[in-house]
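Architecture and fold: a report
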Amino acid sequence: MDAVFHACVPLAPGTSSLLPVSALAAVDGDAHRAALEKYDDTPERRRLRDTVIPGMGRRWTEVVFLSPVHPHAIWQAWAEIRGRRRPRMEFWAIPAADLPEGSVVLDRTLTATGDPIDPREVTPFDRASHLAALTTTPQNRAWLEQCARRGVSGAWFHGIPHVLAPDPVPLEHARVVSWEVAP
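Residues numbered from 1 in each chain as written. Predicted model: local features only at pLDDT ≥ 70, side-chain atom pairs only at ≥ 80, totals over all residues. Heavy atoms only, no water.

To continue, consider the packing of aromatic side chains. Scanning the entire structure with this criterion turns up 5 aromatic pairs. Here Trp 78 and Trp 156 contribute two aromatic rings whose centre-to-centre distance is 5.0 Å and whose plane-to-plane angle is 85°, an arrangement assigned as edge-to-face. Of the two residues, Trp 78 sits in helix α4 (residues 71-82) while Trp 156 sits in the loop between α5 (138-150) and β9 (162-165), which places them 78 residues apart along the sequence. Owing to a relative accessible area of 1%, Trp 78 belongs among the buried residues under this scheme. Residue Trp 156 is classed as buried on the basis of its relative accessible area of 12%. Put simply, the rings of Trp 78, Phe 91, Trp 156, Phe 157 and Trp 179 touch in pairs and so form one group of aromatic residues. (Phe/Tyr/Trp six-rings, centres within 6.5 Å; stacked < 30°, edge-to-face > 60°. Helix = DSSP H or I, 4+ residues; strand = E, 2+ residues; numbered from the N terminus. Buried < 20%, exposed > 50% of the residue type's maximum accessible area, 1.4 Å probe, protein only.)

Membership of the largest hydrophobic core comes to 21 residues, with the highest contact counts inside it found for Ile 74, Leu 144 and Trp 156. When residues of this core are traced back to their parent elements, those giving at least two are β1 (3-7), α4, β6 (90-95) and α5. For this core, the leading source of residues is α4, giving 5 residues. Excluding its chain neighbours within four sequence positions, the residues that come into contact with Ile 74 are Val 69, Thr 136, Asn 140, Leu 144, Trp 156, Phe 157, Ile 160 and Trp 179. Ranked by size, the runner-up nonpolar core spans 15 residues in total, among them Ile 94, Ala 96, Leu 99 and Ala 165. (Core = buried A, V, L, I, M, F, W, Y, C linked by side-chain atoms within 4.5 Å. Contact = heavy atoms within 4.5 Å.)

This paragraph deals with the sheet that holds strand β7 (residues 104-106). With respect to topology, 4 strands assemble into an open sheet ordered β5-β9-β7-β8, the strand pairing being antiparallel. Pairing within the sheet leaves two strands with one partner each, and these edge strands are β5 (64-66) and β8 (122-124). Taken pair by pair, the neighbouring strands of this sheet meet at an average axis angle of 30°, ignoring direction. Across 3 bridges, β5 lies against β9 in antiparallel orientation. Counterpart to Leu 66 in the pairing with β9 is Val 163. (Pairing = 2+ DSSP bridges. Axes fitted to C-alpha atoms, helices over the stretch in contact; angles between N-to-C directions.)

Shown next as structure tokens:
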């Protein structure tokens, strides 16, 4: 499967693409404010809003975040760790070929949330050779185990490299998949 993934979220009025958070300000002020609020929980996450992505010249809120790992891999890991399944959730499976030029992969292994990103953590995204991962990363699995021990859930894609698109991501060729269904 040559796709990247994003949770199915309501699209901004009049659009058929995923927009960076910053672009929402011009088309849906309420959605823009709500998207920024998710960064208000800790000082580190508040600093994310202004974190610059090396090689892109864009801030955290000026890109669209996508997962190169099929959502079923995370759902399956949670079921194995926790012994119970998460409720249905849908994702867009977006063909890698549809991503805008200049997309990159951010694999945050050297720096911490809220710190400046090390340029070595950012590499070009190769649309032509991308294949979705069908298993999650050891870092993501460790995160899910930590969440299970603490009795919390969320940030499902923590510990997974992210594909960052510098422009709106079209959904014309995307299909909807559910994370409880194996690819």
